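One letter stands for each residue in the lines below.
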Amino acid sequence: MPVARRVQFSADSLFSFDKAVIRPDGRAALDTFGRDLQGARYNSISVEGNTDRLGSEAYNQKLSQERADAVKTYLVTNSGIDARKITATGRGESNPETKPEDCKGNKPTPTLIACLQPDRRVDVEVTGER
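A quick note: this is a predicted structure, and the numbers were derived from the prediction, not measured. (Residues numbered from 1 in each chain as written. Predicted model: local features only at pLDDT ≥ 70, side-chain atom pairs only at ≥ 80, totals over all residues. Heavy atoms only, no water.)

Observations concerning helix α3 (residues 57–79)
Note on helix geometry: an α-helix contains 3.6 residues per turn, so any two residues three or four positions apart are oriented the same way. If you check α3, its first and last C-alpha atoms are 32 Å apart, about what 23 residues at 1.5 Å a residue would give, namely 33 Å. All of the buried residues along α3 are Asn60, Leu63, Ser64, Arg67, Ala68, Ala70, Val71, Tyr74, Leu75 and Ser79. Considering only its buried residues, α3 is in contact with α1 (11–14), α2 (24–37), β2 (41–50), β3 (86–90) and β4 (121–129). (Helix = DSSP H or I, 4+ residues; strand = E, 2+ residues; numbered from the N terminus. Expected span 1.5 Å × (residues − 1). Buried < 20%, exposed > 50% of the residue type's maximum accessible area, 1.4 Å probe, protein only. Contact = heavy atoms within 4.5 Å.)

A look at the packing of aromatic side chains
Given two aromatic rings, one states the distance between the centres and the angle between the planes to describe the pair. Summed over the entire model, instances satisfying the criterion amount to one aromatic pair. With centroids separated by 5.8 Å and ring planes inclined at 90°, the aromatic side chains of Phe9 and Phe33 adopt a geometry described as edge-to-face. One end of the pair, Phe9, is in strand β1 (residues 3–10); the other, Phe33, is in helix α2, and 24 residues separate them in sequence. Note on accessibility: Phe9 and Phe33 belong to one class, buried. Positioned above the aromatic ring of Tyr42, the side-chain terminus of Lys85 is 5.4 Å from the ring centre. (Phe/Tyr/Trp six-rings, centres within 6.5 Å; stacked < 30°, edge-to-face > 60°. Lys NZ or Arg CZ within 6 Å of the ring centre and 35° of its normal.)

Description of the environment of Ala29
Along the polypeptide, Ala29 turns up in helix α2. Placed 15 residues apart in sequence, Ala29 and Leu14 show a C-alpha to C-alpha distance of 8.0 Å.

Worth remembering: the numbers are spatial, not functional.
Next up, the structure:
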């Protein structure tokens, strides 16, 4: 029976705020993840990009897809993951970790940006056998 393992990366550790280019610290985290997968038997890997609610829904959808694509490309290129076994999906702001009452406001103040940080993430799910 295939087992799923879900890993969450903070988008802030992978990318600069409002960007989709992987930072050096993010590359190091993805390199470690890629090494962990070496020798493992897996059926599929799903990469999901997520954003906070700041910005338009269309913009956030595009940014989340760009981030998911960047992680997928990095893992395929640098960790030798089979491109046929990995998918990338942008979820935009549709799957927040925070609740509306946790982070009040819509103006991108430093306090609100910090509060919404858990929503900015990339989730990677590996389905395979142990």
